[in-house]
Amino acid sequence: TIPRALQAGLDGRVLLFTIDLALMTAVIFGAAPALQLSKPSLVGALKEGVRASSEASRHRRLRNGLAIGETAAAFSLLAGAGLLIMSYTTLQKTDPGFNPRQLLTFTFQLPRTRDSDMRKASVSFDTQLLARLRQISGVRSASGFFPLPEPDRWSRRFEIEGRPVEPSSRPAAGFVMAAPGYFQTMGIPILEGRGFTERDDAKAPPVTVVSQAFARRYFPNEDPVGKLIRPSALRNGGPPTWCEIVGVVGNVRDRGLAGTPEPVYYVPYYQFPLSLDLTFVVHAQGNPRGLISLVRSEMASMAPSAPLYKVETMEQYLTSSAAQARFNAILLAIFAGLALLLASVGLYGIISYSVSQRTQEIGVRMALGAEKSDVLRMVVGEGLKLTLIGVAIGIFGALALTRFLASLLYGVTPTDPLTFVRGSLILIGVALLACYIPARRAAKVDPMVALRYE
């Protein structure tokens, strides 16, 4: 499991899981004797008699210590798993800044040539493809952009008019090339001004659209529309030029759902075609998967030697971007489940063994008038006491564990009280069930049978 976790990108925190796995391995070997003793011979126990009190006391403390240790380890893992599950659930509900529903994305790569007009040919091809995509039945709109929202996005330095600084000190922000209709297709709200249109081509004055985070950071308390910035990017192979801000759009979590929206500025693809690997996005009227065959057909008729790849819905892309958080939650949940199972089995074995050793005592109590409910409370109370001590110790272990998990959490604090309460209730419930079975068997002891072996 550990090598697979490392391959999945769990980084150095996998050491925590290794420690937990080693702890549970030790618990497995410690629980084996308890399992062996879970089915004791009551007659043999009565015939053997009472051992020396000091030896019995020492063995009892050892058994109780094992039960408490198992319970504490189980609670620590339950709390960690609960936090990761809540974090993943919150992550899934996070607004990415656009509407991922009914969006189909794909890209392709035209055969590379040494032709100096390759860039112009690529832009012309993309323009024709977008026009044909928009004509497909069931397509509301289509556009293109680069790059996809990802942690390692493009960033470019820029200069703000009237704020001269050294080139090495110029600010940098996320840089996205977008075709006409991009914001409408993606469902990114335009808060002020306008988006890109077909008129924003290579012959038009250079323009740009900035995100809300960009406007707040670099133009606080003023309207950014109409201001000029000069990206370090080359415009159609020429030198950098000043671009007018024509719009402000909502923030997009382009560095992952768990990331904070960073400043981004968008430029028209026809004015800044810096990459030939444009990603196309199609907004479908219904299920976007129904358009895959139609899109492939259009592409095959235009460029048979350029197959599509990365064909997926935007919802699939967002799901895959949260795959690491899901893997972390599942892995720790499995460990927590194993620890909970071992703790319950160990507690069951210890209580069963304790019942076998106290059979005569239970018989005497019942002969003197104790009810079955009294015996149930006595036996279950013993197990519950051990469980509560284990939970109390496990809280400190959970606090230490969640320190290592803090960087993996989103939308939940490492000391979330609701998670700790849920974990303790689950553990106590399982422990009560594990104690009830031997307690019920003890309550059925016949006093005359027990006293006969005195």
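I will try to describe carefully the structure that is included in this document. (Residues numbered from 1 in each chain as written. Predicted model: local features only at pLDDT ≥ 70, side-chain atom pairs only at ≥ 80, totals over all residues. Heavy atoms only, no water.)

**Structural notes on the overall build of the chain**
Looking only at helices and strands, the chain has 14 helices and 11 strands in total. The buried share of the chain, reckoned over its 454 residues, is 46%. For the chain, long-range pairs separated by at least 24 residues make up 82% of all intrachain contacts whose partners lie at least 6 apart in sequence. Summed over its atoms, the accessible surface of the chain is roughly 22,500 Å², and 58% of this surface lies on carbon and sulfur atoms. (Helix = DSSP H or I, 4+ residues; strand = E, 2+ residues; numbered from the N terminus. Buried < 20%, exposed > 50% of the residue type's maximum accessible area, 1.4 Å probe, protein only. Contact = heavy atoms within 4.5 Å. Areas by Shrake-Rupley, 256 points an atom, 1.4 Å probe, with all protein chains shown as cover.)

**Some thoughts on a nonpolar patch on the surface**
Together, I330, I334 and L338 line one region of the surface with nonpolar side chains, adding up to about 270 Å² of accessible area. Residue placement: I330 occurs in helix α10 (residues 323–357). Relative accessible area serves as the criterion here: at 45%, I330 is assigned to the partly exposed category. (Patch = residues over 30% accessible without salt bridge, like charges linked within 9 Å, V, L, I, M, F, W, Y side chains within 5 Å. Salt bridge = Lys/Arg side-chain N within 4 Å of Asp/Glu carboxyl O.)

**Some points on the side chain of S143**
Take S143: it is sitting in strand β2 (residues 139–146). According to the relative accessible area criterion, S143 is buried, its value standing at 0%. For S143, the contacting residues outside a window of four places in its chain are L130, R134, A179, P180, G181, Y182, T185, T279, F280 and V281.

**Some details on empty space enclosed by the protein**
One way to see where empty space is left: roll a probe the size of a water molecule over the atoms. For the structure shown, the criterion picks out two cavities of 30 Å³ or more. Empty space within the second largest cavity amounts to approximately 40 Å³. In this structure, the second largest cavity is lined by T71, L340, A343, S344, L347, L427, V430 and A431. Among the elements that line the lining of the second largest cavity, the one with the most residues is α10, at four residues. Looking at the lining of the second largest cavity residue by residue, the classes come out as six nonpolar, two polar and no charged. (1 Å grid on protein atoms, 1.4 Å probe; cavity = no way out; pocket = protein on both sides within 12 Å on 5 of 7 lines; lining within 4 Å. Points joined across faces, edges and corners; volume = space filled by probe spheres on them. Nonpolar A, V, L, I, M, F, W, Y, C, P; charged D, E, K, R; others polar.)

**Topic: the nonpolar core**
Core analysis: the largest hydrophobic core is formed by 46 residues, its most contacted members being F106, F108, L129, L133, F214 and Y265. For this core, the element with the most residues is helix α5 (residues 118–133), which contributes six residues. In this structure, L148, M186, I188 and Y410 belong to the second largest nonpolar core, which totals 27 residues. (Core = buried A, V, L, I, M, F, W, Y, C linked by side-chain atoms within 4.5 Å.)

**Side note on unusual backbone geometry**
Residue F146 is joined to P147 through a cis peptide bond whose omega torsion reads 0°. Topologically, P147 is positioned in the loop between β2 and β3 (155–160). One non-glycine residue, N221, adopts positive backbone phi at about 60°. In this structure, N221 sits in the loop between α7 (212–218) and β7 (228–231). Residue classification places N221 among the exposed residues on the basis of a relative accessible area of 85%. In the Ramachandran plot, K310 falls in the positive-phi region, its phi being about 55° despite a non-glycine side chain. As for its position among the elements, K310 is in strand β11 (residues 309–313).

**Examining the packing of aromatic side chains**
Here the structure, examined in full by the defined rule, presents 17 aromatic pairs. Between F175 and Y265, the ring centres sit 5.4 Å apart and the planes meet at 75°, which makes this aromatic pair edge-to-face. Here F175, found in strand β4 (residues 172–178), pairs with Y265, found in strand β9 (residues 264–268); they are 90 residues apart in sequence, far enough to count as distant. Both rings, one in Y269 and one in Y270, keep their centres 5.8 Å apart while their planes meet at 50°; by these two values the pair is tilted. Judged on exposure class, the residue Y269 and its partner Y270 are both buried. An aromatic cluster is defined as three or more aromatic residues linked by ring pairs; in this entry it consists of F158, F175, F214, Y218, F219 and Y265. R156 extends its terminal NZ or CZ atom over the ring of F175, reaching a point 5.8 Å from the ring centre. (Phe/Tyr/Trp six-rings, centres within 6.5 Å; stacked < 30°, edge-to-face > 60°. Lys NZ or Arg CZ within 6 Å of the ring centre and 35° of its normal.)

**Digging into α5**
Look at α5: 22 Å from first C-alpha to last across 16 residues, which is about the 22 Å you get at 1.5 Å a residue. Taken together, the buried positions of α5 are occupied by M118, S122, V123, F125, D126, L129, L130 and L133. All buried residues of α5 lie within an arc of 160° about the axis, which places them on one face of the element. Among the structural elements, β1 (103–107), β2, β10 (279–284) and α8 (292–302) are those in contact with the buried residues of α5. (Expected span 1.5 Å × (residues − 1). Arc of directions from axis to C-beta.)

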